[in-house]
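A look at the structure
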Amino acid sequence: GEFTAADITGPTLVRRLYVSNKVEANRWAKGILRSTNKYMITGTMSINLNTNYAAGTTIQVADTGMFDGVYFIDSLVHDLINNRTKLKLRKPLEGY
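Note on numbering: residues in each chain are counted from 1, in written sequence order. Thresholds applied to this predicted model are a pLDDT of at least 70 for local features of residues and 80 or more for the giving and counting of side-chain atom pairs; totals over whole chains, interfaces and linings are not thresholded and use all residues. Note that the side-chain values use all heavy atoms of the structure and ignore hydrogens as well as water.

**So, the environment of His78**
With respect to the helices, strands and loops of the structure, His78 is situated in strand E3 (residues 69-79). Spatially, the C-alpha atoms of His78 and Ser46 are 9.8 Å apart, while their sequence positions differ by 32 residues. Among all residues touching His78, those that are not within four sequence positions of it are Leu49, Asn50, Thr51, Tyr53, Arg84 and Thr85. In protein, a polar contact means a hydrogen-donor-capable atom and an acceptor-capable atom, both N or O and within 3.5 Å, with residues adjacent in sequence counting only if both atoms are side-chain atoms; elsewhere, any N or O pair within 3.5 Å suffices. Of note is the side chain of His78, whose polar atom sits 3.2 Å from the side chain of Thr85. Helix numbers and strand numbers start at the N terminus; a helix is a DSSP run of H or I with at least 4 residues, a strand a run of E with at least 2. Contact criterion: two residues are considered in contact whenever any of their non-hydrogen atoms come within 4.5 Å of each other.

Below, the structure is given as structure tokens:
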């Protein structure tokens, strides 16, 4: 099976799986591609301590130029000694 995401370019992802029919293969292809592509745009940032944030929360990043937009907090670490919160972010997939 195969699936092509619109407006996304890059290398071809190939997986070898045993499936019972073409429809199932296409469904698996879409899920695997989506799972892989969700980590295409990631980043980290450090902010003043904010214990209101948790993994899975969405935040709006502004005034950073081309990185402005909505991001998921993938993971975070609260550094209570230095009063900092380090965030690992990823951009949500759009369109599929």
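**Quick look at the environment of Val61**
The residue Val61 is located in strand E2 (residues 58-61) in this model. In sequence terms Val61 and Ile81 are 20 residues apart; their C-alpha atoms lie 25 Å from each other. For Val61, the residues in contact, after removing those within four places along its chain, are Phe67, Asp68, Gly69, Tyr71 and Leu89.

**Some details on the confidence of the model for the chain**
Confidence along the chain averages 89 in pLDDT terms, with 99% of residues attaining 70 or more. Ranking the helices and strands of the chain by mean pLDDT puts strand E4 (residues 84-90) first, with 96, and helix H1 (residues 22-37) last, with 89. Values of pLDDT, which run from 0 to 100, indicate the predictor's confidence residue by residue.

**Brief notes about the sheet that holds E2**
DSSP-based pairing: two strands are paired if at least 2 bridges between them are found. Strand order in the open sheet formed by 4 strands is E1-E4-E3-E2, with antiparallel pairing between adjacent strands. The sheet terminates laterally at strand E1 (42-48) and E2, the two strands that pair on one side only. The mean angle between the axes of side-by-side strands here comes to 45°, regardless of whether they run parallel or antiparallel. Relative to E4, E3 runs antiparallel, the two sharing 7 bridges. When the bridges of E4 are listed, His78 appears paired with Thr85. Think of each axis as a best-fit line through the C-alpha atoms, taken over the contacting stretch in the case of a helix, with angles from 0 to 180 degrees between the N-to-C directions.

**Regarding H1**
Taking 1.5 Å as the rise per residue, H1 with 16 residues should run 22 Å; its terminal C-alpha atoms sit 22 Å apart, in good agreement. Note on classification: 1.4 Å probe, protein chains only; a residue is buried when its accessible area is under 20% of the maximum for its type, exposed when over 50%, partly exposed between these limits. Listed as buried for H1 are Ala25, Ala29, Ile32, Leu33 and Asn37. Take H1 and look down its axis: the buried residues cluster within an arc of 120°, on one side only. Exposed residues on H1 whose side chains face more than 90 degrees from its buried face are Val23 and Arg27. Near the N-terminus of H1, the side chain that reaches the backbone nitrogen of Val23, with its oxygen 3.2 Å away, is that of Asn21. An expected span of 1.5 Å times one less than the residue number is assigned to each helix. Taken from the helix axis, the directions to the C-beta atoms give the arc we talk about.

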